Amino acid sequence: MHTDSTIPLPKSITASRAALLNWYDNSARELPWRLPPTQYRLGKRPDPYGVWLSEIMLQQTSVTVVKDYYLAFIRSWPTITHLANASLEDVLSQWAGLGYYARARNLHACAQSIAGHYDETFPQTETELRALPGIGDYTAAAIMAIAYRQPANVVDGNVERIMARLHQINTPLPQAKKHLKDLSLHYVTKDRAADWPQALMDLGALVCRPKNPNCPACPLQRYCKASVLDDPASLPRRVPKAARPLRFGATFVLQQGQKVWLRRRPPKGLLGGMSEVPGTKWAEKKEPTNTHMQEAPVPANWQPQGMIHHVFTHFSLELAVYWAQAPNTCQAKDGWWADISALDDEALPSVMRKVLAAGLKNH
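In this text, all values refer to a predicted model and were calculated from it rather than measured experimentally. (Residues numbered from 1 in each chain as written. Predicted model: local features only at pLDDT ≥ 70, side-chain atom pairs only at ≥ 80, totals over all residues. Heavy atoms only, no water.)

## A closer look at helix α9 (residues 137–148)
(1) Moving on: Over its twelve residues, α9 extends 16 Å from the first C-alpha to the last, a length consistent with the 16 Å expected when each residue adds 1.5 Å.
(2) Moving on: Of all twelve residues that make up α9, eleven are buried, and the element is covered over most of its length.
(3) Moving on: When we look at burial in α9, the residues that qualify are Tyr-138, Thr-139, Ala-140, Ala-141, Ala-142, Ile-143, Met-144, Ala-145, Ile-146, Ala-147 and Tyr-148.
(4) Moving on: Of the surrounding secondary structure, the elements contacted by the buried residues of α9 are α2 (37–41), α3 (48–57), α8 (126–130) and α12 (195–206).
(5) Moving on: With its phi angle positive at about 60 degrees, Arg-149 sits one or two positions after the end of α9. (Helix = DSSP H or I, 4+ residues; strand = E, 2+ residues; numbered from the N terminus. Expected span 1.5 Å × (residues − 1). Buried < 20%, exposed > 50% of the residue type's maximum accessible area, 1.4 Å probe, protein only. Contact = heavy atoms within 4.5 Å.)

## Focus: the environment of Arg-103
(1) Moving on: Here Arg-103 lies in helix α7 (residues 102–117).
(2) Moving on: When its relative accessible area of 8% is taken as the criterion, Arg-103 is described as buried.
(3) Moving on: Measuring from C-alpha to C-alpha, the distance between Arg-103 and His-310 comes to 19 Å, with 207 residues separating the pair along the chain.
(4) Moving on: The residues contacting Arg-103, other than those within four sequence positions of it, are Ile-56, Met-57, Leu-58, Gln-59, Thr-61, Trp-95 and Leu-98.

## Here's the deal with empty space enclosed by the protein
(1) Moving on: Going through the model one piece at a time under the given rule, you end up with one cavity of 30 Å³ or more.
(2) Moving on: In this structure, the largest cavity encloses a volume near 110 Å³.
(3) Moving on: The wall of the largest cavity is formed by 15 residues, among which Arg-165, Cys-208, Cys-215, Cys-218 and Cys-224 lie closest to the centre.
(4) Moving on: It is helix α10 (residues 157–166) that provides the largest number of residues to the lining of the largest cavity, a total of three residues. (1 Å grid on protein atoms, 1.4 Å probe; cavity = no way out; pocket = protein on both sides within 12 Å on 5 of 7 lines; lining within 4 Å. Points joined across faces, edges and corners; volume = space filled by probe spheres on them.)

## Observations regarding α12
(1) Moving on: For α12, built from twelve residues, the straight-helix expectation of 16 Å at 1.5 Å per residue is met to within 8% by its first-to-last C-alpha distance of 16 Å.
(2) Moving on: With respect to burial, α12 is a largely interior element, ten of its twelve residues being buried.
(3) Moving on: Looking at the buried residues of α12, the elements they touch are α1 (10–27), α2, α3, α9 and α10.

## Considerations on the packing of α3 against helix α4 (residues 63–76)
(1) Moving on: Packing of α3 against α4 brings their axes to within 10 Å, and their N-to-C directions diverge by 140 degrees. By the criterion of interaxial angle, the relationship of α3 to α4 is oblique. Classified by chirality, the crossing of α4 by α3 is right-handed. Listed contacts from α4 to Tyr-49, Gly-50, Leu-53, Ser-54 and Met-57 of α3 are Val-66, Tyr-69, Tyr-70, Phe-73 and Ile-74.
(2) Moving on: In the contact of α3 with α4, the residues fall into eight nonpolar, two polar and no charged. (Axes fitted to C-alpha atoms, helices over the stretch in contact; angles between N-to-C directions. Parallel < 35°, antiparallel > 145°, perpendicular 65-115°, else oblique. Left-handed = near helix turned anticlockwise from the far one by under 90°. Nonpolar A, V, L, I, M, F, W, Y, C, P; charged D, E, K, R; others polar.)

## Details of the pattern of salt bridges
(1) Moving on: Summed over the entire model, instances satisfying the criterion amount to 17 salt bridges.
(2) Moving on: Between Asp-202 and Arg-29 there is a salt bridge, and its shortest N-O distance comes to 2.7 Å. Note that Asp-202 is positioned in helix α12 and Arg-29 in the loop between α1 and α2, a separation of 173 residues in sequence. For the pair Asp-202 and Arg-29, one class covers both residues: buried.
(3) Moving on: In this structure, the salt-bridge partner of Arg-130 is Glu-126, at a minimum N-O distance of 3.4 Å. Taken together, the residues Arg-130 and Glu-126, both in helix α8 and four residues apart, mark about one turn of the helix. (Salt bridge = Lys/Arg side-chain N within 4 Å of Asp/Glu carboxyl O.)

## A word on the packing of α9 against α12
(1) Moving on: Two numbers describe how α9 lies on α12: the axes approach to 8 Å, and their chain directions differ by 120 degrees. One finds that α9 runs oblique with respect to α12. Within the contact between the two elements, α9 uses Tyr-138, Ala-145 and Ile-146 and α12 uses Pro-197, Gln-198 and Met-201.

## Looking at the state of the cysteines
(1) Moving on: Evaluation of the coordinates by the stated rule reveals zero disulfides.
(2) Moving on: The thiol of Cys-218 is not disulfide-bonded; the next cysteine sulfur, from Cys-208, is found 6.0 Å away.
(3) Moving on: According to the relative accessible area criterion, Cys-218 is buried, its value standing at 17%.
(4) Moving on: Counting only cysteine sulfurs, Cys-215 is the nearest neighbor of Cys-224, a cysteine outside any disulfide, at a range of 6.3 Å.
(5) Moving on: Judged by relative accessible area, Cys-224 falls into the buried class, the value being 17%. (Disulfide = S-S within 2.5 Å.)

## As for the layout of surface pockets
(1) Moving on: Looking at the largest pocket, its volume works out to about 800 Å³.
(2) Moving on: In this structure, the largest pocket is lined by 30 residues; those nearest its centre are Leu-58, Gln-60, Thr-61, Asp-156 and Asn-158.
(3) Moving on: The set of elements that each furnish at least two residues to the lining of the largest pocket consists of α3, α9, α10 and α12.
(4) Moving on: A total of four residues in the lining of the largest pocket trace back to one element, the largest contributor, which is α12.
(5) Moving on: Here the lining of the largest pocket is composed, by residue class, of 13 nonpolar, nine polar and eight charged.

Structure representation (structure tokens):
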């Protein structure tokens, strides 16, 4: 049972909503996927496709990074039908560098499902939306609110932070998640249903930041219990994370003239379906060089090129990088020769781009 504050008073809800929406009218961010509040009042509606695409991209990724990717996707596939008809390889290639690649696979699968089962039109209920690949509670609620102007409880990390501070919730995350979501629901109404979640997002991004919140500039300061604390940034509290484990492996950059050998990762699992440099499995213990060589794609004069480090969500990775010139009788299998000058077009995750940069640096 929570000992924190619970249900906000109706008058406080009304006053808080009015203050935040007034601030949003004057401070809303200009984003390529967003309609400003003035356009909503004129009766315009955003394309659900753009809302969905942006929300998928913004999961675990900053607005600054997403902007260019979003615009590139819209140029390549301006409608859900265009995306559904694209190849998964092309989608993964354009997604490369954005990370969390399961999002791209689900994005493509979702587009095909909508094109095939919903007559190329996004469903208009949260239940139907949640049944689609890659769409969970948050994304379904965001589409309902922002695209269809339906009251929906859109709760992400920004909203959790605002609610934890506004009501001084001391229960740490993740235990407090349900309580914070319940609190947020009290603020959801039909009035300006599309603007409300976007106003919360902007407040969390611009003012009620994770670190160094700008309380004097906050439209909710007079209602916020954390604003009088010595350290408002201490909320929401969090259970300390366990140390991220370290894994090890080796990769083999095989070059033939101005080409390099690549292969495809299995369709499921981490980095599924992406292109990669051949390598060993990623293990919990570091193996000696002679053990690495047993998994080289071909016998060759493999030369060490140093180490690269990469951080995933749940573990860190240390890879030894080896390079070799492919012998004339090279018989590498299960892959292809890729032009070094065209590697930007390959569906290479960031970790493999690091490997190639290290392996080709002196060659």
